[in-house]
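Remarks on the overall topology
Spelled out, the chains give:
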Amino acid sequence: MNFEITPLSLAGACQDKSDALIVLVSEGFKPGKDALSQLIGHALQAKDLEFKAGKVLPGYLAPGIHAARIWLVGCGQGSAASVKTAISAVMPAVKSAQIVNLTVVMVSSLDAVALQAAVQGVADGSYVYTTTLSKPIARKLKKVRFGVPVLNAVAQTAFDTAVATVSGVELAKEWANRPANHATPTLLAQAAQQLAKSAKLTCQVMGPKEVAKLGMGSFMSVAQGSREPLRFIVLQYQGASKQQSPVVLVGKGITFDTGGISMKPAAEMDEMKFDMSGAASVLGVFKALGQLKPSINVVGLIPACENMPDGLAVKPGDVVTSMSGQTIEILNTDAEGRLILCDALTYAERFKPAAVIDIATLTGACMVALGAVRSGLFASNDALAAALLQAGEQALDLCWRLPLDDDYAEGLKSNFADVANVGGRAGGAITAAKFLQRFAASYPWAHLDIAGTAWKNGAAKGATGRPVGLLLQYLLAHSGSQASVKPRKAKTGVSSRA
Ligand code: BES
Ligand code: MN
Ligand code: ZN
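The notes below deal with the structure included here.

Quick look at the overall build of the chain now. On a plain count of helices and strands, the chain comes out with 14 helices and 20 strands. For 498 residues, the compact-globule estimate of 2.2 N^0.38 gives 23 Å, and the C-alpha radius of gyration of the chain, at 24 Å, lies within 12% of that figure. Projected onto its principal axes, the C-alpha coordinates of the chain cover approximately 80 × 50 × 45 Å. Residues counted as buried form 57% of the 498 residues belonging to the chain. Here the chain has roughly 20000 Å² of accessible surface; of this, 53% comes from carbon and sulfur atoms. If you average the places of the 47 positive and of the 37 negative side-chain charges in the chain, the two averages end up 7 Å apart.

Shown next as structure tokens:
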């Protein structure tokens, strides 16, 4: 998709040559003399249009307006949340009308965060997955013009950030949506190598031999039941001097999770193709970094493999030795995410990271706790937690902090190894995080459990691309290179090095 930003008045929008106009109408609107203003004025007066966010009034062939279709949409006071509501209310109509060229115009200037919400909302609402369909979609949205009352540097920077975020989100959606036979560990690694063609990006891919040499016995135990060879992907973005310690992102890359010998029930098992959404979000972040080129250093680590049952698969009760040297009793082979992540967390130590954030569709329990609205956030460091919470609020990609009291780790005790890979059923998202924490003791660490937020089920089944928005927002704030998008609230200590 092609996005463009341009200064555009309502009078100018009347002459706009697009197929359709979306007009975001916020409170305080004062009609001018042009046809569009008049139309909005009348509609408001007749109460056919309201300022309330998400109220939509469609129009067709209005006199004095060039675009055949018009959607007037209320967007409250123009806050980011209202803009998001407004855009998601109107996009289904835009999609079903098969609009190819769209212009989004606003009656008054939006702040940077709201403008980003508008761009992201249009991209989200028009996204279609096509990779494994035999027929291409006939008419897709191709070009979107955002007309703003004034185009200043703040708006331009916000827009550029939003466009890069969109391309990252769409890459994450693409890989997460692909069926497991079209998104094997090998193919994921190739996608990462593709990204590394961009300047400042490098990629190293390791296979079973190298991973064995590193001593990643925990990761290898998950992969051993599959015919697909594992991959360990190391992406590096260097935008700052080598002396600057990087942020390391670790993405769970289980390309399919059957549960292994502790097999999952058949119903909805297909959704376990999304079990590499954490990995996909890391790819998405690197895609956006390649476009934005901020002055930071970021490392992406992706342990990727399938979790399959097999004659050679790891069995409940087996004890394996992780790269850290800690032995693990695998009581449930379906708790495999933590088994591949723990070795990646140990590997992360070599980068002397400023912070390590792992992203994983880790537990059904997190989905039960927080639903599809907020991702679960765990952190060993308060400043890092605050920075991630704030980034989530700003990017409208929310998370919520859950506790890490040591008492939650009681259930992980084992008579046969240093630690077991599962505790009891209670507090399952937290015990999973407690397991990971044992491997992340030597740097500020956070864990995002995206089991509830990475994809939607039902009619809208598909990947969301979360938490690419949150992560990018955090990284750009960390780099200080996004001066134009200031947090709305007072800073709560965004340095993860505190
Ligand atoms: N990939 C799943 C987590 C998951 C389940 C995400 C459902 C989204 C929807 C993970 O590997 C898993 O199976 N976790 C188990 C852990 C349990 C065995 C302690 C779970 O949540 O049931
Ligand atoms: Mn599992
Ligand atoms: Zn899993």
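Read on, since the account is not over.
Neighbouring ligand 1 are 17 residues; K264, D275, D334, E336 and G364 lie closest to it. Contact between ligand 1 and K252: an oxygen atom at 3.3 Å from a side-chain N or O atom of the residue. Side-chain polar atom of D257 to an oxygen atom of ligand 1: 2.9 Å apart, as the coordinates give it. Compared with its free state, where it exposes 510 Å², ligand 1 has 79% of that area covered by protein. When atoms are counted within 2 Å of each cavity's grid points, the one that captures over half of ligand 1 is the second largest pocket. Grouping the constituent residues of the shell around ligand 1 by class yields six nonpolar, four polar and seven charged.

In contact at an axis separation of 8 Å, helix 12 (residues 382-394) and helix 14 (residues 468-479) are set at 120° when each is read in the N-to-C sense. On the basis of the axis angle, helix 12 is oblique to helix 14. Handedness of the crossing formed by helix 12 with helix 14: right-handed. Of the residues in helix 14, those in contact with L384, A387, L388, A391, G392 and Q394 of helix 12 are L470, Q473 and Y474. A per-class count over the contact of helix 12 with helix 14 returns six nonpolar, three polar and no charged.

Space inside the largest pocket adds up to approximately 1200 Å³. If you go around the largest pocket, you meet 46 residues; those closest to its centre are K84, D124, K173, K456 and T464. Listing elements by their share of the lining of the largest pocket, those giving two or more residues are helix 3 (80-96), helix 4 (112-126), helix 5 (153-177), strand 19 (455-456), strand 20 (462-463) and helix 14. By residue class, the composition of the lining of the largest pocket is 20 nonpolar, 17 polar and nine charged. Taken as a whole, the second largest pocket encloses approximately 920 Å³ of empty space. Taken together, 33 residues line the second largest pocket, and the ones lying closest to its centre are K264, D334, T363, G364 and A365. Mapped onto the lining of the second largest pocket, the elements with two or more residues apiece are helix 10 (337-348), helix 11 (364-370) and helix 13 (428-437). A per-element tally of the lining of the second largest pocket places helix 11 first, with four residues.

Next up on the list: the nonpolar core. In terms of nonpolar packing, the biggest core is built from 59 residues, with W175, L249, L283, F286, I357, L448 and Y474 touching the most fellow members. Sort the elements by how many residues they give to this core and helix 9 (residues 277-292) lands first, with eight residues. Every residue in contact with I357, bar those within four places of it in the chain, is listed here: V247, V248, L249, V250, L388, A446, L448, L471 and Y474. The next biggest cluster of nonpolar side chains, apart from the first, holds 48 residues, and it includes F232, F351, F378 and Y443.

Before going further, it helps to examine the pairing of strand 4 (residues 69-74). Two faces, one strand: in a regular strand the side chains alternate between the faces of the sheet. Among the six residues in strand 4, five count as buried, and that is most of the element. As defined by bridge partners, strand 2 (residues 20-25) adjoins strand 4 across six bridges and the pair is classed as parallel. Bridge pairing in strand 4 links V25 to G74. As judged from the five bridges shared by strand 3 (residues 56-60) and strand 4, these two strands associate in the antiparallel manner. When the sheet's bridge partners are listed, V56 is paired in strand 4 with V73.

We now examine the sheet that holds strand 13 (residues 327-329). An order of 12-13-17 is seen for the three strands of this open sheet, with the pairing classed as mixed. The open sheet has two edge strands, strand 12 (319-321) and strand 17 (419-420), and neither has a second partner. In this structure, strand 12 lies alongside strand 13, joined through three bridges in antiparallel fashion. Its bridge partner lying in strand 13, T321 is registered against T327.

With that settled, the discussion passes to the coordination of the zinc ion (ligand 3). Here the zinc ion (ligand 3) is held by the protein donor atoms K252 (NZ), D257 (OD), D275 (OD) and E336 (OE), which lie 2.0 to 2.4 Å from it. Angles of 78 to 176° at the metal separate the six donor atoms of the zinc ion (ligand 3), which places the site in the octahedral class. In terms of primary sequence, the donors binding the zinc ion (ligand 3) are separated according to K-x4-D-x17-D-x60-E. Separating the zinc ion (ligand 3) from the manganese ion (ligand 2) is a distance of 3.1 Å, and D257 supplies a donor atom to each of them. With K252 in the loop between strand 9 (247-251) and strand 10 (253-257) and D275 in the loop between strand 10 and helix 9, this residue pair connects regions lying 23 residues apart in the sequence. For the pair K252 and D275, one class covers both residues: buried.

We now examine the coordination of the manganese ion (ligand 2). Listed as protein donors to the manganese ion (ligand 2) are D257 (OD), D334 (O), D334 (OD) and E336 (OE); their distances from the metal cover 2.1 to 2.2 Å. Taken together, the six donor atoms coordinating the manganese ion (ligand 2) span angles of 71 to 169° at the metal, a pattern that classifies the geometry as irregular. Between consecutive donors of the manganese ion (ligand 2), the numbers of intervening residues give the motif D-x76-D-x1-E. Classification of D334 as partly exposed rests on a relative accessible area of 22%.

What follows deals with the packing of aromatic side chains. What the rule picks out here adds up to seven aromatic pairs. Through a chain of ring-to-ring contacts, three or more aromatic side chains come together here, namely F219, F232, Y347 and F351. Taking NZ or CZ as reference, K173 lies 4.6 Å from the ring centre of Y127, over its face.

Rules of the game
- Residues numbered from 1 in each chain as written.
- Chains lettered and ligands numbered in written order.
- Predicted model: local features only at pLDDT ≥ 70, side-chain atom pairs only at ≥ 80, totals over all residues.
- Heavy atoms only, no water.
- Helix = DSSP H or I, 4+ residues; strand = E, 2+ residues; numbered from the N terminus.
- Rg over C-alpha atoms; globule rule 2.2 N^0.38 Å.
- Buried < 20%, exposed > 50% of the residue type's maximum accessible area, 1.4 Å probe, protein only.
- Areas by Shrake-Rupley, 256 points an atom, 1.4 Å probe, with all protein chains shown as cover.
- Lys, Arg positive; Asp, Glu negative; His and termini not counted.
- Charge placed at Lys NZ, Arg CZ, Asp CG, Glu CD.
- Near = heavy atom within 4 Å.
- Polar contact = N/O pair within 3.5 Å; in protein donor to acceptor, adjacent residues only side chain to side chain.
- 1 Å grid on protein atoms, 1.4 Å probe; cavity = no way out; pocket = protein on both sides within 12 Å on 5 of 7 lines; lining within 4 Å.
- Sits in = over half its atoms within 2 Å of the grid points.
- Nonpolar A, V, L, I, M, F, W, Y, C, P; charged D, E, K, R; others polar.
- Axes fitted to C-alpha atoms, helices over the stretch in contact; angles between N-to-C directions.
- Parallel < 35°, antiparallel > 145°, perpendicular 65-115°, else oblique.
- Left-handed = near helix turned anticlockwise from the far one by under 90°.
- Contact = heavy atoms within 4.5 Å.
- Points joined across faces, edges and corners; volume = space filled by probe spheres on them.
- Core = buried A, V, L, I, M, F, W, Y, C linked by side-chain atoms within 4.5 Å.
- Pairing = 2+ DSSP bridges.
- Donors = N, O, S within 2.8 Å, 3.2 Å for Na, K, Ca; no water.
- Tetrahedral: all angles 85-135°; square planar, octahedral: opposite > 155°, others 65-115°.
- Phe/Tyr/Trp six-rings, centres within 6.5 Å; stacked < 30°, edge-to-face > 60°.
- Lys NZ or Arg CZ within 6 Å of the ring centre and 35° of its normal.

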